[in-house]
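Overview (structure and organization)
Residue-level listing of the chains:
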Amino acid sequence: MPIVKSKYHRRPWYFFNGHFETIIPSLLYEVEGVEYERERLELEDGDFLDLDWVKNGNKRLIVLSHGLEGSSDRHYIKRPAQFFSKKGWDILAWNNRSCSGEMNRLPRFYHHGATEDIAAVIDRGLNEGYNEVVLIGYSMGGGMQQKYLGERDPDPRIKGAISFSVPCNVQNSAEMLKSGANRIYEYKFISKLKKKVLEKSEVLEMPVDLKKIRKVRNFKELDEAFTLKVHPEYRDANDFYTRITSDQFLPNIKIPLLIVNALNDPMLGPPCYPIDLAEQSENIFLEMPEKGGHVGFTIPGSQWSYMEVAADWFISEVISSQTSKQLH
């Protein structure tokens, strides 16, 4: 498919660059009026996931996947929950292990390639009997759903997927976070994750060196000191990044997928924009607005962001069209 020509051109005047577009919404935006019904999903390994539903008796479901150290309470999750529930969809916004406000039970947390968890969530949604399911993921959540879709033949009720600000190449994104002003994002993520590891070590026996954890300064150091210890299936950090990154799974995706990655996203480098693949694929649609930042895409004077607008367009014009063809 050709590259999608973006309709997002006008950000608020005071969002001077991609950093402002990323940071201001993250710090200041809140969404009122979304009331979730929480369900605890018990997992086969003895851990759990907390799922937040908006149920209105519809036969269509949108599954929302948050980004690194996010949750179902983040503005970029509550906003589409509100938007699409008004358009005749039920909503399933799920929280990764340790992200729901209650610490998970096992030493492990989650990572970009942990598709066993998103698979359990999607299966739970399908068990409710919905006729149509659409997946929408943000940053890490988008990468998770891309890998999930590329690893398997999805249930035919899953009609399409949409991903925003996705680090399609995890190694590249990790490198981007090491440079210049981008380090502020890495510092924020690392600080939160280190705090969680240390908090969990007070109640669980953890297979890690806590002195090393306290000295961690970047993602590679954290993955070597923690992630590889609780996920021994990976040989080293490079093996971990190579196997979890979603870009290698994109060619296998058999349903419509829209990727919206802003060109001024401070967390993404050139490998995170799969241009050649999108130009050759029947299912991969790539939209690259010049502006938008990372999970920003603010529209001046609107309660919605461009992410809801783009998702609505893709569902209405592309996914629905493909679904109609399948029925006929």
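Residues numbered from 1 in each chain as written. Predicted model: local features only at pLDDT ≥ 70, side-chain atom pairs only at ≥ 80, totals over all residues. Heavy atoms only, no water.

So, about the overall build of the chain. If you tally the helices and strands in the chain, you get eleven helices and eight strands. A globule of 328 residues ought to have a C-alpha radius of gyration of about 20 Å, and the chain, at 19 Å, matches this closely. Taking the principal axes of the C-alpha coordinates as reference, the chain spans close to 60 × 45 × 40 Å. Per-residue burial for the chain yields a buried fraction of 59% across its 328 residues. Contacts spanning at least 24 positions in sequence make up 75% of the contacts within the chain whose residues lie at least 6 apart. Taken as a whole, the chain presents about 14,600 Å² of accessible surface, with 50% of it coming from carbon and sulfur. Counting 42 positive and 46 negative side-chain charges, the chain places the averaged centre of each group 3 Å from the other. (Helix = DSSP H or I, 4+ residues; strand = E, 2+ residues; numbered from the N terminus. Rg over C-alpha atoms; globule rule 2.2 N^0.38 Å. Buried < 20%, exposed > 50% of the residue type's maximum accessible area, 1.4 Å probe, protein only. Contact = heavy atoms within 4.5 Å. Areas by Shrake-Rupley, 256 points an atom, 1.4 Å probe, with all protein chains shown as cover. Lys, Arg positive; Asp, Glu negative; His and termini not counted. Charge placed at Lys NZ, Arg CZ, Asp CG, Glu CD.)

In this section: the state of the cysteines. Tallied over the full model, the rule gives zero disulfides. The cysteine Cys 168 is free of any disulfide, with Cys 272 supplying the nearest cysteine sulfur at 6.0 Å. Look at Cys 168 and you get buried, because its relative accessible area is 0%. (Disulfide = S-S within 2.5 Å.)

Let's shift gears to the sheet that holds strand β6 (residues 158-164). Read from one edge of the open sheet, eight strands run β1-β2-β4-β3-β5-β6-β7-β8, paired in mixed fashion. Here the strands that pair on one side only, and so sit at the sheet edges, are β1 (37-42) and β8 (284-287). Between one strand and the next, the sheet's axes are offset by a mean angle of 20°, whatever the strand orientation. Pairing geometry for strand β7 (residues 257-260) and β8, over four bridges, is parallel. Directly across from Val 260, in β8, lies its bridge partner Glu 287. (Pairing = 2+ DSSP bridges. Axes fitted to C-alpha atoms, helices over the stretch in contact; angles between N-to-C directions.)

Before going further, it helps to spend a moment on unusual backbone geometry. A positive phi angle, close to 60°, is found at Glu 69, a residue other than glycine. Tracing the backbone shows Glu 69 in the loop between β3 (60-65) and α2 (75-85). In this structure, Phe 297 is a non-glycine residue whose phi angle is positive, near 55°. The residue Phe 297 is located in the loop between β8 and α11 (306-327) in this model. Residue Phe 297 is classed as buried on the basis of its relative accessible area, which comes to 0%.

Next up on the list: the environment of Gly 180. Among the structural elements, Gly 180 can be located in the loop between α5 (170-176) and α6 (183-201). Along the primary structure Gly 180 and Ala 161 are separated by 19 residues, whereas in three dimensions their C-alpha atoms are 33 Å apart.

So far we have only geometry, and geometry alone does not tell us how the molecule works.
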